[in-house]
Amino acid sequence: QVQLAESGGGLVQAGDSLKLSCAATGASISNYVMGWFRQAPGKERERVVSITWTGDTTYGRDSVKGRFTISRDNAKNTVYLQMNMLKPEDTAVYYCAAKPSFQGSFEYWGQGTQVTVSS
């Protein structure tokens, strides 16, 4: 069973960049589809982007295309989310998640990291 821990969140201004990291322990991420989700206050959690073990990425939100990039380093057992040109509407708690197959729901979750973008 994989355990996930996010880091890298913080308070930034609109237009700034942040890079989130998700360190995995207990299992190799090379066996999992990895994803980043976010949840803003008063809103449901939404999938931002995910990446398969072959590197194929799928965006869940058109609003982040061209600004956010997911990547994985299997050797470091870590997944990243590079976020550029941040906007106030990107403010949310960002979660890393994993699932062992293409189908089904994400099963394993980190504790989340807060990203706050001021205008």
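The rules we used
Residues numbered from 1 in each chain as written. Predicted model: local features only at pLDDT ≥ 70, side-chain atom pairs only at ≥ 80, totals over all residues. Heavy atoms only, no water. Helix = DSSP H or I, 4+ residues; strand = E, 2+ residues; numbered from the N terminus. Rg over C-alpha atoms; globule rule 2.2 N^0.38 Å. Buried < 20%, exposed > 50% of the residue type's maximum accessible area, 1.4 Å probe, protein only. Lys, Arg positive; Asp, Glu negative; His and termini not counted. Charge placed at Lys NZ, Arg CZ, Asp CG, Glu CD. Contact = heavy atoms within 4.5 Å. Pairing = 2+ DSSP bridges. Axes fitted to C-alpha atoms, helices over the stretch in contact; angles between N-to-C directions. Phe/Tyr/Trp six-rings, centres within 6.5 Å; stacked < 30°, edge-to-face > 60°. Lys NZ or Arg CZ within 6 Å of the ring centre and 35° of its normal.

Engineer: Got a sec to walk through the overall build of the protein chain? Specific residues and values, please.
Structural biologist: A count of helices and strands for the protein chain gives zero helices and eleven strands. Walking the protein chain from its N terminus toward its C terminus, one meets helices and strands in the order β-β-β-β-β-β-β-β-β-β-β. Its C-alpha atoms give the protein chain a radius of gyration of 13 Å, near enough to 14 Å, the size a compact globule of 119 residues would have. Counting every position in the protein chain, which comprises 119 residues, the buried fraction comes to 42%. With 12 positive and 10 negative side-chain charges, the protein chain shows a separation of 2 Å between the mean positions of the two kinds.

Engineer: Please give an account of the environment of L4 that cites residues and values.
Structural biologist: Along the chain, L4 turns up in strand β1 (residues 3-7). Take L4: its relative accessible area is 9%, and that puts it in the buried class. Sequence separation between L4 and Q111 is 107 residues; the distance between their C-alpha atoms is 7.7 Å. Those residues in contact with L4 that sit more than four places away from it in its chain are C22, A23, A24, M34, C96, A97, A98, Y108, W109, G110 and Q111.

Engineer: Hey, could you go over the sheet that holds β1 for me, with residue numbers and the actual values?
Structural biologist: Strand order across the open sheet formed by four strands is β1-β3-β8-β7, with antiparallel pairing between neighbours. If you trace the sheet from one side to the other, it starts and ends with β1 and β7 (68-73), each paired once. Between one strand axis and the next, the sheet turns by 15° as a mean value, whatever way the strands run. Looking at chain direction, β1 and strand β3 (residues 18-25) are connected through five bridges and run antiparallel. Bridged to L4 within β3 is A24.

Engineer: Now, about the packing of aromatic side chains: what can you tell me, with residues and values included?
Structural biologist: Applying the stated criterion across every chain, the model contains four aromatic pairs. On the basis of an interplanar angle of 50° and a centroid distance of 4.7 Å, the ring pair of W53 and F102 is categorised as tilted. Separated by 49 residues along the polypeptide, W53 in the loop between β5 (46-51) and β6 (57-59) and F102 in the loop between β9 (92-99) and β10 (108-109) bring together distant segments of the chain. Taking the relative accessible area as the measure of exposure, W53 reaches 30% and is therefore partly exposed. Three or more aromatic residues joined by ring pairs form one cluster here, namely F37, F106 and W109. The cationic tip of K19 hangs over the ring face of Y80; the distance from NZ or CZ to the ring centre is 4.5 Å. One residue, R45, lies across the ring of Y95, its end atom 5.9 Å from the ring centre.

Any link to function would need more than the numbers given here.
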